[in-house]
Amino acid sequence: MRWFYDEHNVVREGALPGPLLDTLFGRGAVHTLDGGAHRVRKSLFMAELKDAGGLRDLSDRLAREWDRTVAAWPGRDRVVLFDEVSEIITRAVCDWVGVALPAGPDGSRHLAADLVAMVDGFATAGPRHFRARRARARQEARIAELVTAERRRAGTGTETGGPSVKAATAFAAVAHHRDADGTLLDPHTAAVEVLNVIRPTVAVSWYVAFAAHALHRWPEQRERLAAGDAARALAFAQEVRRFYPFAPFVAGLATDTAQWDGRPVPAGTMVVLDLYGHDHDPALFPDPYAFDPGRFLDRAPGRDELVPQGGGDPATGHRCPGEDVTLAVLATLTPRLARLAYDVPEQDLRIPLNRMPTRPRSGFVLTDVRTNARETDAAG
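Predicted, not measured: the structure shown is a model, and the values here were computed from it.

Regarding the sheet that holds strand 2 (residues 79-80)
Alright, step 1. Spatial ordering of the open sheet is given by 2-8-7, a layout of three strands whose pairing is antiparallel. Whereas interior strands pair on both sides, the edge strands pair on one side only; in this sheet they are strand 2 and strand 7 (341-343).

Here's what the structure looks like:
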């Protein structure tokens, strides 16, 4: 793990194929940088995504969106949880970040669909891939216009001129961020990085669907999670991330100085880190195919122990800076899901491991959603 995240051994520049950049990350994204350029750009995300007060604010917005949306579910024949949660998170995270939703009554639905498409199509050819490319192009163009308007409002001027601006939102922080060379990001790259805040947050919809799957498969977890204990909610979130597959691996390119076990690794060799295998290693997680949130109740996992979103040091390396956001979203929404009364009709709940990213095939369908006194009490 530490060998993989040492820049003397493995770098990211040139490692990500074009189709992945055109769907998931975007051209010019922080994921493609190394060294000082990477650290300066990464500092932007660390400042915005690691603030405890900001995470509490996001959780509050999520809770309000969940409660408002779920109030309408009892009158519906069926609810596809994955689809609904993607819209809930889209509205909450855009409000939190300061990104305007597309105009119109269906703006949040269309944006959620585009953000889901970017994630759903990154590892495939065919219709899913082209849908993802169209979605990214559409949202990059829209947000680049918002960036230009924000700079005009603040009087920042050109990419090289203008004063520094104190940012009130994460969107403004990206719009006015200066890279290692002292210049503003061009509007397209700024749009890419704005999407790299909101897109992975909406991708937590996959984990919420997995959480519903876990509560259905191991119903004894529902009472424990519904009780509202914060430590239990966090442990449940960690176990969902460990147990269920999402990104099975990450990759980089070997440098000209890379050696493994005393033997040189040819420069440019693709090096792959098996995230799924690591998170199911019995040496790290006894009985790894048992779903057991209790394994995270007494202690936080070590830096290179639980790595569903990559390993290493998030402050200086390529580890996802949004892990705390993922945990905050899950710890906010999954207890509410556990307190919700509903039926699970016959449906295809298989999770195909030959599909990336995978999820329950049905999206997890709920029927006969009922008002639950415990949910009302907890929300109030």
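There is more to say after this.
Some words on the pairing of strand 3 (residues 249-254)
For a regular strand, side-chain orientation follows a simple rule: the groups alternate between the two sheet faces.
Alright, step 1. Within strand 3, five of the six residues are buried, which leaves it mostly tucked inside the rest of the structure.
Alright, step 2. Pairing of strand 1 (residues 10-11) with strand 3 involves two bridges; the strand directions are antiparallel. Directly across from Val10, in strand 3, lies its bridge partner Ala254.
Alright, step 3. Sheet topology places strand 3 next to strand 6 (residues 270-274); five bridges connect them, and they run antiparallel. When the sheet's bridge partners are listed, Ala251 is paired in strand 6 with Val272.

Some points on helix 4 (residues 81-97)
Alright, step 1. An ideal rise of 1.5 Å per residue puts 24 Å on 17 residues; helix 4 measures up with 24 Å between its terminal C-alpha atoms.
Alright, step 2. In terms of burial, helix 4 is a largely internal element, 15 of the 17 residues being buried.

Describing the side chain of Glu84
Alright, step 1. Relative to the helices and strands, Glu84 is located in helix 4.
Alright, step 2. Those residues within four positions of Glu84 in sequence are excluded, and the remaining contacts are Thr69, Trp73, Arg76 and Val79.

Regarding the nonpolar core
Alright, step 1. In terms of nonpolar packing, the biggest core is built from 88 residues, with Trp66, Trp73, Leu81 and Val97 touching the most fellow members.
Alright, step 2. If sequence neighbours within four positions are ignored, Val97 has contacts with Thr169, Ala170, Phe171, Val197 and Ile198.

Focus on the side chain of Asp304
Alright, step 1. If you trace the backbone, Asp304 turns up in the loop between helix 12 (275-279) and helix 13 (323-339).
Alright, step 2. Engagement of the side chain of Asp304 in a polar contact is seen with the side chain of Arg2, the distance being 3.4 Å.

Things to note about the sheet that holds strand 1
Alright, step 1. Pairing is antiparallel in the open sheet, where three strands are placed in the order 1-3-6. Looking at the sheet topology across the chains shown, the edges are occupied by strand 1 and strand 6.

Here we look at the pattern of salt bridges
Alright, step 1. Scanning the entire structure with this criterion turns up 27 salt bridges.
Alright, step 2. The partner of Glu239 in a salt bridge is Arg295, and the shortest N-O contact between them spans 3.2 Å. Highlighted residues: Glu239 in helix 11 (residues 230-243) and Arg295 in the loop between helix 12 and helix 13, separated in sequence by 56 residues.
Alright, step 3. Exposure remark for Glu239: the relative accessible area of 0% places this residue in the buried category.
Alright, step 4. Connected through salt bridges with shared partners, the residues Glu65, Arg68, Glu87 and Arg91 form a single ionic network.

Rules of the game
Residues numbered from 1 in each chain as written. Predicted model: local features only at pLDDT ≥ 70, side-chain atom pairs only at ≥ 80, totals over all residues. Heavy atoms only, no water. Pairing = 2+ DSSP bridges. Helix = DSSP H or I, 4+ residues; strand = E, 2+ residues; numbered from the N terminus. Buried < 20%, exposed > 50% of the residue type's maximum accessible area, 1.4 Å probe, protein only. Expected span 1.5 Å × (residues − 1). Contact = heavy atoms within 4.5 Å. Core = buried A, V, L, I, M, F, W, Y, C linked by side-chain atoms within 4.5 Å. Polar contact = N/O pair within 3.5 Å; in protein donor to acceptor, adjacent residues only side chain to side chain. Salt bridge = Lys/Arg side-chain N within 4 Å of Asp/Glu carboxyl O.

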